[in-house]
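Survey of secondary and tertiary structure
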Amino acid sequence: MKRIGLVVNPIAGLGGRVGLKGSDGMELQRKALELGAVPHAVERAAQALQALLPLGAEFELLTYPFAMGAEAARQAGIDPCVLGSIQPGQTSAEDTVRAAREMAENEVRLLLFAGGDGTARDICNAIGMEIPALGIPAGVKIQSAVYATAPRYAGELAAAFLRGETELRQAEVMDLDEDAFRAGRVSACLYGYLKTPYSQRYVQGVKVPSLSRESAVLEAIAGDLADRMKPGWLYIFGPGSTTQAVATHIGFDKTLLGVDAVLDGKIVSADASEADLLRLLSVNRLAEIVVTPIGGQGCIFGRGNQPISPDVIRKVGRAHIRVISTPEKIQALNGHPLWADTGDRAVDEMLSGYLVVLTGYKESVMYKVMA
Amino acid sequence: MKNITAERFTNGKPNLRRFHQARWDEPVIFELGQPGQRGILVPEVEEGIKSQVGDALAGIPDGLRRKDPPKLPEMAQPAVLRHYDHLSQENLGVDFNIDVGQGTCTMKYSPKVNDQLARMPEMTELHPLQDESTVQGILEIMYRFEQILKEISGLERFTLQPGAGSVAIYTNASIMRAYHEARGEAKQRDEMITTIFSHPSDAACAKVAGYKVITLYPDPEGYPDLEALKAAVSERTAGLLITNPEDTGIFNPKIAEFTRIIHAAGGLCSYDQANANGMLGITRAREAGFDLCHFNLHKTFSTPHGCGGPAVGATGVTQELARFLPVPIVDFDGQKYFLNYDPADSIGKIRPFYGVAPVVLKAYAWVMALGAAGLREVAEVAVLNNNYLMKKVLAIHGVAAPYAAGKRRVEQVRYSWQTLFEETGVHSEALGIRAADFGVHYWTSHHPYVVPEPCTLEPTESYSKEELDEYAAILEHVAGEAYSDPNLVRSAPHNSTVHTIDHHPFDDPQQWAITWRAYLRKTGQER
Ligand SMILES: Cc1ncc(COP(=O)(O)O)c(C=O)c1O
């Protein structure tokens, strides 16, 4: 019997309908309900679960009580195994974290969760990359790549995963700074990664089908970079699963979320600060920056890689910025340009125009960078 | 939704066909064979012959001789015939259906008389190693066909040697390298530029030829981005490999600017005209500033595709580049036709001999039957058909033709069912498969899917208005089903043998099995 876990954040999406941009925090939730918001996360979770029905008795659903999962299961016609206890109507992030932990301890094959970026962050806190997880979109803000494009695809993808038809990839958990967002500023950061099932069949149109497995593409990019790396040069690698995987293929252990500097095949500064980088650059004038755009939004500087500051970029020089990306990630931008938000207008402008993005071994695309 | 059953006939004419394909559950031929069965019992060689000939195999060097006989299926003749007839009934080939759905492939009707010509013994009994003096006829046809291609393209010398469009592109990339080598710049010029909507063979062949490839994305209007080109060219640029119109069916109005910029940077420009069906007699490679081009005789020139060959990617160049062409080329000295091995700086051979002769013969016959005015009419009708079909398709709810809004297309259109997908959850691929239940089909697009939920239709000049109407009616019906009964579409096909297959293993080279033996090995049935 294959076990699937389900965690619903019952209040996800509450704020959106009434124009509150997000639902984090008890106070806001009260305000949203007062404004007449109707929770729909349960319904969306049920839609996803319906796609699992064809699996019949092949799987068992583990979930939390009431609106955190049991209701959605019953709506979909599934009799779940219910764990834990909650205070209906007063759930919080802690409940999500606790529920996710319990699912992991009960060895579910896959954890389905319904919510938005805040929920994804809680899930990431709870289970990291311990077990595969996949989001059912129900929140106001969905920047994270861990979500399927529609509830029903989350269900179909989950079913495909259980049938062994998918691979797992590291998908970004992104979240906006909600205070900034409500004040009209978009400022997202890369929060972490979840291990998420992926099959081109179910994400077609958003993520794009490719002819090669992602791991093969990353190896190809690594091959190209390795060919170009020269002794005596300092290589500053930005955060992300793309740069990490490429670094692994080249032969060093890169941090996932940090900026690491490499010289002559060795990491000379892991999780470097701006000051670390400037210090290294004062010794090694020949340097290159290797960054990857943030999936789905195309930011190359200023989100999650702040140590690569305007000063660092200026010292390295535009000609020595190497953007790397799988072709799918470029495709998923749907024609939107790359962009930088370094906090220094002059540097942002200097970066604008076109940059070569390395997409494979001896393969690249010429891609627009917004001013 | 219309009630199709009630309205199947209007004035005695069928609205939608009640198509049902044969389904034979046919095994792979290797599974059909049984040890000891024979198709032909070859008679024992008579003593008299044996004593004269001796051991016929003795002349074959030891290293070239098989130790074991090949593991071919052992079968009786009728079983073989039945097997292939079954398979042929499980097909939806160009002569079976209104084949407008195989966009970019130029699936036109190829007159059968041309096949008959190519099957005449005068043709089939030829051998490429025969003495020139005994093959003057076919050499003349090759020579004359070259003159025709020169006129169509405006370029000055052609080789018919490349055996496919991709081989032609590879040839062109190799000629570019030879040109830069002759100028001492081959090392420095290691980058080839192409566009994302050019055929993927342009990028792939450049890479096989050793180049780094820079791909340009379209501008917001869907045209190749001129500013991106300016950013991409440098002293490292070897050349441009580009399709026009691109796979979207959109003609690049700035193409002359593209070739000018490449030339100014010292590069060469190669025009991928594999599919020139909308261009014949209307524009030429030369006037757009190209130095090289190629035509797929198995597309535009109706030879036809033949399930992946035999084919010819006829490759043309300017006079300046003629010295790099593969050898031999067919020439005429005023008296006789001969194989010319002269071109001093030839890139060598791309393929044995000088081109697939029956394919050239068929293309020549096709062109001669049409004449110059007829060729232009082919392009005009193909473009007209395409724009007529586009108008009908765009009237269907859920579909769009992204980019170049309001503009006409040349010979094909890459549509997008994104709206339908968002509203129903049905993918384009499923619609194409459901269409097979009505006896037609369509293809989505090359990967990556730059246009989401793509569908590429290319009606060519071969189809009548009624046939295009029928095709559009099927699409409309299937799209309507996606809204009214999405599961019916998702679970298609119901009347056809086309299978929905899991694409996932395609991504994984570890799971590929190119031969039966590889299959047995990879599935653990044989070591
Ligand atoms: C524009 C274009 N270029 C190149 C090719 C490759 O030709 P072939 O399939 O003969 O290698 C094709 C056909 O698929 C094509 O449509």
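The rules behind the values
- Residues numbered from 1 in each chain as written.
- Chains lettered and ligands numbered in written order.
- Predicted model: local features only at pLDDT ≥ 70, side-chain atom pairs only at ≥ 80, totals over all residues.
- Heavy atoms only, no water.
- Helix = DSSP H or I, 4+ residues; strand = E, 2+ residues; numbered from the N terminus.
- Buried < 20%, exposed > 50% of the residue type's maximum accessible area, 1.4 Å probe, protein only.
- Areas by Shrake-Rupley, 256 points an atom, 1.4 Å probe, with all protein chains shown as cover.
- Near = heavy atom within 4 Å.
- Polar contact = N/O pair within 3.5 Å; in protein donor to acceptor, adjacent residues only side chain to side chain.
- Nonpolar A, V, L, I, M, F, W, Y, C, P; charged D, E, K, R; others polar.
- pLDDT = per-residue confidence, 0-100.
- Contact = heavy atoms within 4.5 Å.
- Lys, Arg positive; Asp, Glu negative; His and termini not counted.
- Salt bridge = Lys/Arg side-chain N within 4 Å of Asp/Glu carboxyl O.
- Pairing = 2+ DSSP bridges.
- Axes fitted to C-alpha atoms, helices over the stretch in contact; angles between N-to-C directions.
- Phe/Tyr/Trp six-rings, centres within 6.5 Å; stacked < 30°, edge-to-face > 60°.
- Expected span 1.5 Å × (residues − 1).
- Parallel < 35°, antiparallel > 145°, perpendicular 65-115°, else oblique.
- Left-handed = near helix turned anticlockwise from the far one by under 90°.
- Domains from an automatic or database assignment.
- Buried area = accessible area lost by both parts, 1.4 Å probe.
- Core = buried A, V, L, I, M, F, W, Y, C linked by side-chain atoms within 4.5 Å.

**Quick look at the overall build of chain B**
The helix and strand tally for chain B stands at 16 helices and 13 strands. Overall, the C-alpha framework of chain B stretches about 80 × 65 × 50 Å when taken along its three principal axes. For chain B, the proportion of its 527 residues judged to be buried stands at 51%. Roughly 25100 Å² of accessible area belongs to chain B as shown, and the carbon and sulfur atoms make up 55% of that amount.

**Focus on the site of the ligand**
Residue and element names in this part refer to chain B. Taken together, 13 residues surround the ligand, and among them G165, S166, D272, H298 and K299 come closest. Note that an oxygen atom of the ligand is positioned 2.6 Å from one of the side-chain N or O atoms of S166. One nitrogen or oxygen atom from the side chain of N296 is found 3.0 Å from an oxygen atom belonging to the ligand. Notes on the ligand: free accessible area 390 Å², of which the protein chains cover 84%. Considering each element in turn, the shell around the ligand owes the most residues, three residues, to helix 7 (residues 165–182). Considering only residue class, the shell around the ligand consists of three nonpolar, eight polar and two charged.

**Re the confidence of the model for chain A**
Here chain A averages 86 in pLDDT, while 88% of its residues score no lower than 70. Confidence drops under pLDDT 50 across residues 203–211 of chain A; counting only partners more than four residues distant or on other chains, this segment forms 30 contacts.

**Some details on the side chain of E458(B)**
Residues and elements named next belong to chain B. Inspection of the secondary structure assignment puts E458 in the loop between strand 13 (454–457) and helix 14 (465–484). No salt bridge is formed by the buried E458; its nearest oppositely charged neighbour, K299, is found at 7.0 Å. At 3.1 Å, the side chain of E458 forms a polar contact with the backbone nitrogen of T104. In terms of polar contacts, E458 uses its side chain to reach the backbone amide nitrogen of T106, at 2.7 Å.

**Brief notes about the sheet that holds strand 3 (residues 81–82) of chain A**
Residues and elements named next belong to chain A. The strand order 3-2-1-4-5 describes an open sheet built from five strands, whose pairing is parallel. If you trace the sheet from one side to the other, it starts and ends with strand 3 and strand 5 (133–137), each paired once. Inspection of the sheet shows strand 1 (residues 2–8) paired to strand 4 (residues 110–115) by five bridges, in the parallel sense. Counterpart to G5 in the pairing with strand 4 is L111. Lying over the sheet, helix 5 (residues 93–105) contacts strand 1, strand 2 (59–63) and strand 4, oriented at roughly 180 degrees with respect to strand 1.

**Side note on the packing of aromatic side chains**
All names here are of chain A. If you walk through the whole model with that rule in mind, you get 15 aromatic pairs over all chains. Seen from their ring centres, F113 and Y147 are 5.4 Å apart, and the 70 degrees between their planes marks the pair as edge-to-face. One end of the pair, F113, is in strand 4; the other, Y147, is in the loop between strand 5 and helix 7 (151–162), and 34 residues separate them in sequence. Y147 carries the same exposure label as F113, and that label is buried.

**A short note on helix 5 of chain A**
Residue and element names in this part refer to chain A. For helix 5, which comprises 13 residues, the first-to-last C-alpha distance of 18 Å matches the rise-based estimate of 18 Å (1.5 Å per residue) to within 8%. All of the buried residues along helix 5 are D95, T96, A99, A100, M103 and A104. On the buried face of helix 5, the contacting elements are strand 1, strand 2, strand 4 and helix 6 (117–127). The first or second residue beyond helix 5 is E107, which carries a positive phi of 55 degrees.

**Quick look at the packing of helix 13 (residues 428–435) of chain B against helix 14 of chain B**
All names here are of chain B. Orientation of helix 13 relative to helix 14, taken along the N-to-C sense of each, is 125 degrees, at an axis distance of 10 Å. The angle between helix 13 and helix 14 falls in the class oblique. Every pair of crossing elements has a handedness; the one defined by helix 13 and helix 14 is right-handed. Here helix 13 contributes L431, R434 and A435 to the contact with helix 14, which in turn contributes I474, V478, A479, E481 and A482.

**Notes on the domain arrangement of chain A**
It is common to give the size of an interface as the accessible area that goes away when the parts come together. Residue and element names in this part refer to chain A. Splitting chain A by domain gives domain 1 (2–198) and domain 2 (212–370). Taking only C-alpha atoms, the centre of domain 1 and the centre of domain 2 are 31 Å apart. Listed per partner, the contact involves 14 residues of domain 1 and 12 residues of domain 2. Roughly 1100 Å² is buried in total at the junction of domain 1 and domain 2, and carbon and sulfur atoms are behind 50% of that figure. Among the residues domain 1 hides against domain 2, the three largest losses belong to R169, L190 and Y193. Together they make up 35% of the total. One can count zero salt bridges joining domain 1 with domain 2. The interface formed by domain 1 and domain 2 holds one residue pair in polar contact (both at pLDDT 80 or more) in total.

**Digging into the pattern of salt bridges**
Residue and element names in this part refer to chain B. In the structure shown here, the tally under the stated rule is 38 salt bridges over all chains. A salt bridge links E191 to R236; the shortest N-O distance between them is 3.7 Å. With a gap of 45 residues between them, E191 in strand 4 (residues 191–195) and R236 in the loop between helix 9 (226–232) and strand 6 (237–243) connect regions that are remote in the sequence. Given a relative accessible area of 13%, E191 falls into the buried group. With a closest N to O distance of 2.8 Å, R376 and E380 form a salt bridge. Taken together, the residues span about one helical turn, with R376 and E380 both in helix 11 (residues 357–394) at a distance of four residues. Residue classification places R376 among the partly exposed positions, given a relative accessible area of 39%.

**Structural notes on the nonpolar core**
Core analysis: the largest hydrophobic core is formed by 62 residues, its most contacted members being F145(B), L229(B), L297(B) and F301(B). Broken down by element, the residue count for this core peaks at 11 residues, all from helix 11 of chain B. Setting aside residues no more than four positions away along its own chain, F145(B) makes contact with L160(B), L297(B), F301(B), V360(B), A363(B), Y364(B) and V367(B). Of all hydrophobic cores here, the second largest spans 36 residues; its members include A272(A), L333(A), L355(A) and V369(A).

**Structural notes on the environment of D224(A)**
All names here are of chain A. You can see D224 is positioned in helix 10 (residues 214–228). Separated by 86 residues in the primary sequence, D224 and P310 have C-alpha atoms spaced 27 Å apart. Ignoring sequence-local partners within four residues, the contact set of D224 consists of L358, G360, Y361, K362 and E363.

**Notes on the pairing of strand 4 of chain A**
Consecutive residues of a regular strand have side chains that alternate between opposite faces of the sheet. Residues and elements named next belong to chain A. Burial of strand 4 is extensive: six of the six residues sit out of reach of the surface. Of the two faces of strand 4, the one carrying L110, L112 and A114 and the one carrying L111, F113 and G115 are both buried. Bridge count between strand 4 and strand 5: five bridges; the pairing is parallel. When the sheet's bridge partners are listed, F113 is paired in strand 5 with G135.

**Quick look at the packing of helix 6 (residues 136–153) of chain B against helix 11 of chain B**
Residue and element names in this part refer to chain B. Closest axis-to-axis distance for the helix 6/helix 11 pair is 10 Å, and the angle between their directions is 45 degrees. Viewed along their axes, helix 6 and helix 11 adopt a mutual orientation that is oblique. The element helix 6 and its partner helix 11 pack so that their crossing is left-handed. Mapping the contact onto sequence places I138, I141, M142, R144, F145, I148 and I152 in helix 6 and A357, V360, L361, A363, Y364, V367, M368 and L375 in helix 11. Residue composition of the contact of helix 6 with helix 11, grouped by class: 14 nonpolar, no polar and one charged.

**What about helix 7 of chain A?**
All names here are of chain A. For helix 7, spanning 12 residues, the distance from its first C-alpha to its last is 17 Å, which sits close to the expected 16 Å at 1.5 Å a residue. The element helix 7 is extensively covered by neighbouring structure, given that 11 of its 12 residues are classed as buried. Looking only at helix 7, the buried set comprises P151, Y153, A154, G155, E156, L157, A158, A159, A160, F161 and L162. After helix 7 finishes, the residue G164 shows a positive phi value of roughly 80 degrees.

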